Amino acid sequence: MSVTATDVAVLDDPPTPAAAGRVRLRFLRGGKTRTGLLILAFFVILAVAGPWLAPYDPDAMSDQLLQPPSSDHWFGTTQTGQDVLSQILVGTRGVLLVGFLAGILATVLSVLIGVSAGFLGGAADEILSMLSNIFLVIPGLPLIIIIASFVEDTGDLLIAAVIALTSWAWGARVLRAQTLSLRRRDYVEAARATGESTWRIILFEVMPNLTAVIASGFVGTVIFAVLSEITLAFIGVADISHWNWGTVLFWAQSNQALAQGAWWWFVPAGLCIALLGTALSLINFGIDEFVNPRLRTATGSSRKVRMRVGFTPVVRTAGPRSPGASGPPVFTPVVRDGGPAEPTPSGAPAEPTPSGAPAEPTPSGAPEPPGKPSKEHSA
């Protein structure tokens, strides 16, 4: 089997735009990622359009007291005749606002402090690491309760800011450890040797390799912020005049909905919390699979590269079969950079490569390349 120039040229050509697009969209191929993004997009739509989609005013009372789900009230009513569906739709905005705002603020702080400490080292590392250790031991929930007791209007922005200030330290420690392992890599040393500035090296050499860690930390912070916001509303620390899923659970627990058998009062809010947490967790799993090839689901491919110790990696493509031929298909070895071609599965001797290099002997004991005396002649 000969190696044609066309086969070698195919491997040497740069990837097409379509292939590059497939690599960029590999993150969206996983079923977990698509499911998580679809559920999250659904809640984002509810957060944006919830007040307009609500059939009733969530604060409006009526004479339909504690009614089960019906055509008029899809999620039933409360003890005062308020529509539960309207409360869920209006409260979605506050939950997502606190979650994503706290996630963004905490991620920015963790990146600034963690990456700077890991890359700069020295006194800067000691000071920033000490700051991270201090905030790492500060309990977020008790601090929010103390602040809420002194502030009259505990709004969503204040809660998001406090959650962000008390949840960035762990992400900063992780990013510092990753940066310490990257700052002495060859490409970073090469950029430093060419005279690149420190912040340019951080932004264009180190940060791209931390994207997955940053994204995973952001998703984890959003989950923590959402649960913290709902917990604060459920225990009555947050402003209960602002509707969110925790406020719905607070009023259901205060009016003993479970004892009265009004399951429709608290089950929808609990399901929304569970679905949102599941969506964010699935996105986090998708990030892990995208970054770690061992977790990535293998997809079928007609061309696979086999890596063998001591041999040049080749791409095996199935060649045409002659009519009436039997047995396994014959593969044509395709070589990069003019290296030696691997022997075919049939055991026939491999022919010289386009660069003119002699072919190696096949495992089946084929004759050695010309120019080298055999054992018989030497005898």
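Residues numbered from 1 in each chain as written. Predicted model: local features only at pLDDT ≥ 70, side-chain atom pairs only at ≥ 80, totals over all residues. Heavy atoms only, no water.

Attention now moves to the overall build of the protein. Of the regular secondary structure elements, the protein holds 14 helices and three strands. A burial count over the protein gives 35% of its 379 residues as buried. Taking as baseline every contact in the protein between residues at least 6 positions apart, the subset at least 24 positions apart corresponds to 62%. (Helix = DSSP H or I, 4+ residues; strand = E, 2+ residues; numbered from the N terminus. Buried < 20%, exposed > 50% of the residue type's maximum accessible area, 1.4 Å probe, protein only. Contact = heavy atoms within 4.5 Å.)

Moving on, we get to the pattern of salt bridges. Tallied over the full model, the rule gives four salt bridges. Residues Arg200 and Glu196 are paired through a salt bridge, measuring 3.0 Å at the closest nitrogen-oxygen approach. Arg200 sits in the partly exposed class, given a relative accessible area of 42%. Overlapping salt bridges, with partners in common, bring together Arg184, Glu189 and Arg192 in one network. (Salt bridge = Lys/Arg side-chain N within 4 Å of Asp/Glu carboxyl O.)

If you look at the biggest cluster of nonpolar residues, it comprises 31 residues, and the most contacted ones within it are Phe43, Ile88, Trp245, Trp265 and Leu276. A per-element tally of this core places helix H13 (residues 267-291) first, with seven residues. Non-local contacts of Ile88, meaning those with residues more than four positions away in its chain, are made with Phe75, Trp245, Val248, Pro268, Ala269 and Cys272. Grouped together as the second largest cluster of nonpolar side chains are 17 residues, Ile163, Ala164, Ala169 and Ala233 included. (Core = buried A, V, L, I, M, F, W, Y, C linked by side-chain atoms within 4.5 Å.)

For the rest of this paragraph, the subject is unusual backbone geometry. Here Leu66, not a glycine, exhibits a phi torsion of approximately 50°, which is positive. Residue placement: Leu66 occurs in the loop between helix H3 (31-53) and helix H4 (84-120). The phi torsion at Gln256 lies on the positive side, around 55°, for a residue other than glycine. Inspection of the secondary structure assignment puts Gln256 in the loop between helix H12 (245-254) and H13.

A few words on helix H5 (residues 122-136). Helical geometry note: an α-helix holds 3.6 residues per turn, so side chains three or four residues apart project in the same direction. In this model, H5 (15 residues) spans 21 Å end to end at C-alpha, consistent with the 21 Å of a helix rising 1.5 Å per residue. Among the residues making up H5, those that are buried are Asp125, Ser129 and Ser132. For H5, the arc enclosing every buried residue in end-on projection is 60°, short of the 170-degree limit, so these residues lie on one face. In H5, those exposed residues whose orientation departs by more than 90 degrees from the buried face are Ala123, Glu126, Ile127 and Met130. Those residues of H5 that are buried lie in contact with H4 and helix H8 (169-182). (Expected span 1.5 Å × (residues − 1). Arc of directions from axis to C-beta.)

For the coordinates displayed, the defined rule picks out six aromatic pairs. With centroids separated by 6.2 Å and ring planes inclined at 45°, the aromatic side chains of Phe100 and Phe218 adopt a geometry described as tilted. Of this pair, Phe100 sits in helix H4 while Phe218 is found in helix H11 (residues 211-234), placing the two residues 118 residues apart along the sequence. You can call Phe100 partly exposed: its relative accessible area is 24%. With relative accessibility at 23%, the residue Phe218 sits in the partly exposed group. (Phe/Tyr/Trp six-rings, centres within 6.5 Å; stacked < 30°, edge-to-face > 60°.)

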